[in-house]
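Structural characterization, general
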Amino acid sequence: MRFTVFAVSAFLGVVPASLSSQLTEETLRGRIQEAALDAHAEHLVQAADAARMLRDYDQAASFLEQAEEAIAGTQFDALWSRISLELASGGGVNGAQRALREVRRAREVQPLEIAYWVNNFPILLVGGEFDEMIERFSAEAEDPNYQCACYDRKAWMHRVAGRPGIAEIYWDSLVVAQETNPTQTDDPDTFAEAQGQLARNYARAGREQQARLTLEGAMALPVSDEALPTVRRRWAQAYAELGDVEEAVEHLEYLLSVPSLITVNTLETRLTWEPIRDHPAFRQLLDRHR
């Protein structure tokens, strides 16, 4: 069956293999063993990601340090893994921003790459360092370094700055673009995750009815056991944006019980959980898993 996916715009790159799909605990431990036998930079980064998903942050940091020594002086870096580890282990805003600054000192990072990082880690926008740059992005920009509609980046910028009404306008532009330019996939897991993302974005755009209908349809789709943690994280995000705390907590409870991208620290720090962060049910969830 061919599915229509309303794709989120992205700048570049491929998400690390250990992040692009859910992996079993056995597979994650296998990656750690592989790095111990073959200390190639790629294996070390994969092992660091695996250790982080297993919530062994000291081991993850050790693998990353080895990886960064192995790739020193090259154009490749482990920035995704480093920022993810900072957020997962409690480094918070300062840790995430420090990781990006270190890469920028080592090599030139073009504006479109900055756009990629702040879209995946909008916590990097705290403090407004990149606001002027993001304001310059436009699909019609003459400078190719700024040719990006970047509706999501602009939405995050305004949301972080305390302008939710303006942010909502940009989220609305994003979902219109997603509706106008759908892509196709034969993978039901990919489709299920994309529908969860679309529901989340509808909610961010203030389109509550469309968000709920899309989320309802997404949750009715068949999802493999391997993809379920990834897909349920999208459902939790959508519920958080809708303010449905109990439903979000139900999915997060599961995600904290299995290897996943969710940790107590990411729940306390990442901006996607901000709409429900002060709710008693959410705080109780954090307390149960500290």
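Residues numbered from 1 in each chain as written. Predicted model: local features only at pLDDT ≥ 70, side-chain atom pairs only at ≥ 80, totals over all residues. Heavy atoms only, no water.

Glancing now at the overall build of the protein. Of the regular secondary structure elements, the protein holds 16 helices and two strands. In terms of C-alpha radius of gyration, the protein reaches 19 Å, essentially the compact-globule figure of 19 Å for 290 residues. The dimensions of the protein, computed from C-alpha atoms along their principal axes, are 50 × 45 × 40 Å. A sequence separation of at least 24 residues applies to 61% of the contacts in the protein between residues at least 6 apart. (Helix = DSSP H or I, 4+ residues; strand = E, 2+ residues; numbered from the N terminus. Rg over C-alpha atoms; globule rule 2.2 N^0.38 Å. Contact = heavy atoms within 4.5 Å.)

Moving on to the packing of helix H14 (residues 245–255) against helix H16 (residues 280–289). Their axes nearest at 9 Å, the elements H14 and H16 cross at an angle of 15°. Between H14 and H16, the crossing angle belongs to the class labelled roughly parallel. In the crossing of H14 with H16, the sense of the turn from one axis to the other is right-handed. Where H14 approaches H16, its residues Val245, Glu246, Val249, Leu252 and Glu253 are matched on the opposing element by Ala281, Phe282, Leu285, Arg288 and His289. For the contact of H14 with H16, the per-class residue count stands at six nonpolar, one polar and three charged. (Axes fitted to C-alpha atoms, helices over the stretch in contact; angles between N-to-C directions. Parallel < 35°, antiparallel > 145°, perpendicular 65-115°, else oblique. Left-handed = near helix turned anticlockwise from the far one by under 90°. Nonpolar A, V, L, I, M, F, W, Y, C, P; charged D, E, K, R; others polar.)

It is worth spelling out the confidence of the model for the protein at this point. In this model, the protein carries an average pLDDT of 91, and 91% of its residues clear a pLDDT of 70 or more. Between residues 7–15, whose pLDDT stays under 50, and residues either more than four places distant or in other chains, the model counts 19 contacts. (pLDDT = per-residue confidence, 0-100.)

This paragraph deals with the nonpolar core. Counting residues in hydrophobic clusters, the biggest one holds 68 residues, and the most contacted among them are Phe137, Leu252, Leu267 and Phe282. Top contributing element to this core by residue count: helix H13 (residues 228–242), with seven residues. Residues within four places of Leu267 in sequence aside, it is in contact with Leu252, Leu256, Ile262, Trp273, Arg277, Phe282, Leu285 and Leu286. Core analysis: the second largest hydrophobic core is formed by 20 residues, Leu23, Ile32, Ala50 and Ala67 among them. (Core = buried A, V, L, I, M, F, W, Y, C linked by side-chain atoms within 4.5 Å. Buried < 20%, exposed > 50% of the residue type's maximum accessible area, 1.4 Å probe, protein only.)

All right, on to helix H12 (residues 208–219) then. Over its twelve residues, H12 extends 16 Å from the first C-alpha to the last, a length consistent with the 16 Å expected when each residue adds 1.5 Å. Among the residues making up H12, those that are buried are Ala211, Thr214, Leu215 and Ala218. The buried residues of H12 all sit within an arc of 100° when viewed along its axis, so they share a single face. Counted as exposed and oriented over 90 degrees from the buried face of H12: Gln209, Leu213 and Glu216. Contact partners of the buried residues in H12: helix H11 (188–204) and H13. (Expected span 1.5 Å × (residues − 1). Arc of directions from axis to C-beta.)

Time to look at the packing of aromatic side chains. Here the structure, examined in full by the defined rule, presents seven aromatic pairs. Seen in terms of ring centroids, Tyr116 and Trp117 are 5.0 Å apart; in terms of plane orientation they differ by 70°. Their pairing is edge-to-face. Neither residue differs from the other here; Tyr116 and Trp117 are each classed as buried. Note on Phe137 and Tyr146: the rings are 5.4 Å apart at their centroids and 40° apart in plane angle, and the pair reads as tilted. Tyr146 sits in the buried class, given a relative accessible area of 11%. An aromatic cluster of three or more residues is present, and its members are Trp80, Tyr116, Trp117 and Phe121. Over the ring of Tyr146 we find Arg136; its NZ or CZ atom is 3.8 Å from the centre of that ring. (Phe/Tyr/Trp six-rings, centres within 6.5 Å; stacked < 30°, edge-to-face > 60°. Lys NZ or Arg CZ within 6 Å of the ring centre and 35° of its normal.)

Phi is positive for Arg55, close to 65°, though the residue is something other than glycine. Summarising the element assignment, Arg55 is placed in the loop between helix H3 (41–53) and helix H4 (57–70). Unusually for a residue other than glycine, Cys150 sits at a positive phi of about 50°. With respect to the element layout, Cys150 can be found in the loop between helix H8 (131–136) and helix H9 (151–160). Given a relative accessible area of 2%, Cys150 falls into the buried group.

With that settled, consider the pattern of salt bridges. If you walk through the whole model with that rule in mind, you get 19 salt bridges. Residue Arg153 pairs with Asp152 through a salt bridge whose shortest N-O separation is 2.8 Å. Taking relative accessible area as the criterion, Arg153 reaches 1% and is therefore assigned buried. The salt bridge involving Arg290 is made with Asp287; its shortest N-O contact spans 3.2 Å. Accessibility assignment for this pair places Arg290 and Asp287 in one class, exposed. (Salt bridge = Lys/Arg side-chain N within 4 Å of Asp/Glu carboxyl O.)

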